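The primary structure of each chain is shown beneath.
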Amino acid sequence: MNKRNFLKTLGISLGSLPLFSSISIPSEEAGTTLPNPLKKGDKVGLISPSAATSERIQFQFAKEALEALGFEVKLGENLKNRRGHLAGTDEERANDLNSMFSDAEIKAVICIRGGSGAARILPLIDYKAIRKNPKPILGYSDITALHNAIHAKTGLITFHGPNGSGSWNSFNVKQFESMFFNRELMTFENEVVKGDDLVVKQNRIQTLRSGTAKGKILGGNLTVLTSLSGTPFLPDFKNSILFIEDIGEDPYKIDRMMSTLKLNGTLEKIRGFIFGQCTDCNPSGGYGSLTLDDILDDYILPLNIPAYKGAMIGHVAKQFIVPIGAEVEMDADSGTFRLLHPVFKD
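Residues numbered from 1 in each chain as written. Predicted model: local features only at pLDDT ≥ 70, side-chain atom pairs only at ≥ 80, totals over all residues. Heavy atoms only, no water.

Chemist: Hey, could you run me through the pairing of strand β9 (residues 240-247) in this one?
Modeler: In regular strands, side chains alternate between the two faces of the sheet. A large share of β9 lies buried, amounting to eight of its eight residues. Alternating residues of β9 divide into Ser-240, Leu-242, Ile-244 and Asp-246 and Ile-241, Phe-243, Glu-245 and Ile-247, and every residue in both groups is buried. Bridge count between strand β8 (residues 212-221) and β9: six bridges; the pairing is parallel. Note on β9: the bridge partner recorded for Gly-220 is Ile-244. Sheet topology note: the β9/strand β10 (residues 272-279) ladder contains six bridges and is parallel. From the neighbouring strand, Ile-244 faces β10, where its bridge partner is Phe-275. (Buried < 20%, exposed > 50% of the residue type's maximum accessible area, 1.4 Å probe, protein only. Helix = DSSP H or I, 4+ residues; strand = E, 2+ residues; numbered from the N terminus. Pairing = 2+ DSSP bridges.)

Here's what the structure looks like:
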C-alpha cells in the first residue's frame, strides 16, 4: 500500500474544503441503511477512487474476474486516468463514484485498487445520492476512507474485502458468493492449514482478552482510519466492534496511531477489538523497539473488553469480506465473529 503521502494529501483536501466542496454533506449521524441485494447477471461498476493503476493488464484482470463471478462490467469513465500517483483529478475520481451510485443499471461498485488518495474526494461525494440508491461498494486498504465516510454520512453498510485487481482465489470467491449471492448470516473463522510442521502456525489467532461482545463492526486500515480523526467522515464508534489492519508500518508508527485512537476517544467507546494482519510490520532497527504485542497490550488490555488478533483481514491473499456497519457477535476465545442480522434489503 503506497500511502506515504496520505497524511499530506488529506491535510490539503480538508484544509481546502470550503474552496471546492460543491455538494451538500449531511451533518447528522445516519442510522443503518441496508444495500440492495446483488445477483449474477447484474451490471457492476469498476472505479479507481485512489491511486492510479500502473499496468494496463490490471484493468483486464479486474474486468475478467468480475465477469467470472457472473457480472456485466461497466468501466468508470475516468478509470484509466492518471494525475501523478492518483487515478485522475479529485473531481474525476469523485464523479466516477457518484455516477455509479446514481446509475440505476449499476447494482454494485467495485474499487479496482487502494493505494492513496481516496480521502481527497470525500468532500466531493454525493452522499444524498448514495442514500437514495443504496448499493454495495467493495474494496479495502485506502478504500477505508470511503467505507467510513459513506457509513458516517448515510449509514450504508459497505464491504471491506478484495479489490477488483486483487486476489480472487477460491477462498475469496467462496466468501463473495456466500455474502452476496447466498446472503448468508456468515461466521468468520480463520482457515487453518497445518502444513508440514508439528504445530499449526499459519492463520493462528491469539486471544488478548477472553469473552464475547456484540456491536456494530467498524474499522479498516489503521493508517487511513486514524487520518480521519477529527473530521466529519469518521463514524461514531460507540458500542462498536473495532477491527483494524495495516501493512509496512514500523511498530512505533502503530503505537502512534493507536495513541490517536485512544486520545480521540475511540478506544473508550468500543465493546470489542479484532486485530487482523499487520503485514511487514516488524521493527526495522534503531535503539530498541516496542513489539506489536507490547503495543496491543498497552492499549487494548486496559479496556477490559474481548479482544483477539490474527483474523484473516488485511493485505493477505485470503481475506474476509467484512460488512462495515453490520451487527456482529465476536468470540475472542475462538477467534471468530458472526453476523446477527441480514445485511441486504429483502
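That shown, we press on.
Chemist: In this structure, what is going on with the UniProt feature "domain: LD-carboxypeptidase N-terminal" (unreviewed entry) in the protein chain? I would like to understand it.
Modeler: The sites that carry the UniProt feature "domain: LD-carboxypeptidase N-terminal" (unreviewed entry) are, in the present numbering, residues 44-161. Within the segment residues 44-161, helix and strand shares are 36% and 17% respectively, and the terminal C-alpha atoms sit 16 Å apart. (UniProt positions renumbered as here; feature names shortened; annotations may be inferred.)

Chemist: What exactly am I supposed to notice about the state of the cysteines here?
Modeler: What makes a disulfide is a covalent bond joining the sulfur atoms belonging to two cysteines. Within the structure shown, the criterion is met by one disulfide. Covalent S-S linkage joins Cys-278 and Cys-281, the inter-sulfur distance amounting to 2.2 Å. Judged by the sign of its S-S torsion, about -75 degrees, the bond between Cys-278 and Cys-281 is left-handed. (Disulfide = S-S within 2.5 Å.)

Chemist: Is there a simple way to think about the pattern of salt bridges in this case?
Modeler: Where charged atoms from two side chains of opposite charge approach closely, those side chains can pair. Under the definition given, this model contains twelve salt bridges. Note that Lys-201 is salt-bridged to Asp-197, the shortest N-O span being 3.3 Å. Exposure remark for Lys-201: the relative accessible area of 58% places this residue in the exposed category. With a relative accessible area of 31%, Asp-197 lands in the partly exposed category. Residues Arg-338 and Glu-329 are paired through a salt bridge, measuring 2.7 Å at the closest nitrogen-oxygen approach. Note on Glu-329: relative accessible area 18%, which makes it buried. One continuous salt-bridge network, built from bridges that share partners, spans Lys-43, Glu-72 and Glu-105. (Salt bridge = Lys/Arg side-chain N within 4 Å of Asp/Glu carboxyl O.)

Chemist: Is there a simple way to think about helix α9 (residues 251-263) in this case?
Modeler: Given 3.6 residues per helical turn, the α-helix brings residues three or four places apart onto the same face. Taking 1.5 Å of rise per residue, the 13 residues of α9 would be expected to cover 18 Å, and the 18 Å separating its terminal C-alpha atoms lies within 8% of that figure. Within α9 the residues assigned to the buried category are Pro-251, Lys-253, Ile-254, Met-257, Met-258 and Leu-261. Summarising the axial view, the buried residues of α9 lie within an arc of 155 degrees, below the 170-degree limit, and thus occupy one face. In α9, the exposed positions that point more than 90 degrees away from the buried face belong to Tyr-252, Lys-262 and Leu-263. Of the surrounding secondary structure, the elements contacted by the buried residues of α9 are α8 (222-227), β9, α10 (266-269), β10 and α11 (292-300). (Expected span 1.5 Å × (residues − 1). Arc of directions from axis to C-beta. Contact = heavy atoms within 4.5 Å.)

Chemist: Please explain the sheet that holds strand β2 (residues 72-75) as it appears in this structure.
Modeler: Picture the strands of a sheet paired through backbone hydrogen bonds; they go either parallel or antiparallel. Spatially, β2-β1-β3-β4-β5-β12 is the arrangement adopted by the six strands of the open sheet, whose pairing is mixed. Here the strands that pair on one side only, and so sit at the sheet edges, are β2 and β12 (322-324). Taking each pair of neighbouring strands and ignoring which way they run, the sheet shows an average axis angle of 25 degrees. Across five bridges, the pairing between strand β1 (residues 43-47) and strand β3 (residues 106-111) is parallel. Its bridge partner being in β3, Leu-46 is matched across the sheet by Ile-110. (Axes fitted to C-alpha atoms, helices over the stretch in contact; angles between N-to-C directions.)

Chemist: Would you mind showing me how to read unusual backbone geometry here?
Modeler: What is expected of a backbone is that most residues other than glycine have negative phi and most peptide bonds are trans. The phi dihedral of Ser-141 is positive, around 70 degrees, even though this residue is not glycine. On the accessibility criterion, Ser-141 (4% relative accessible area) is buried. Of note in the backbone geometry, Asp-280 takes a positive phi value of approximately 55 degrees without being a glycine. Structurally, Asp-280 is set in the loop between β10 and α11.

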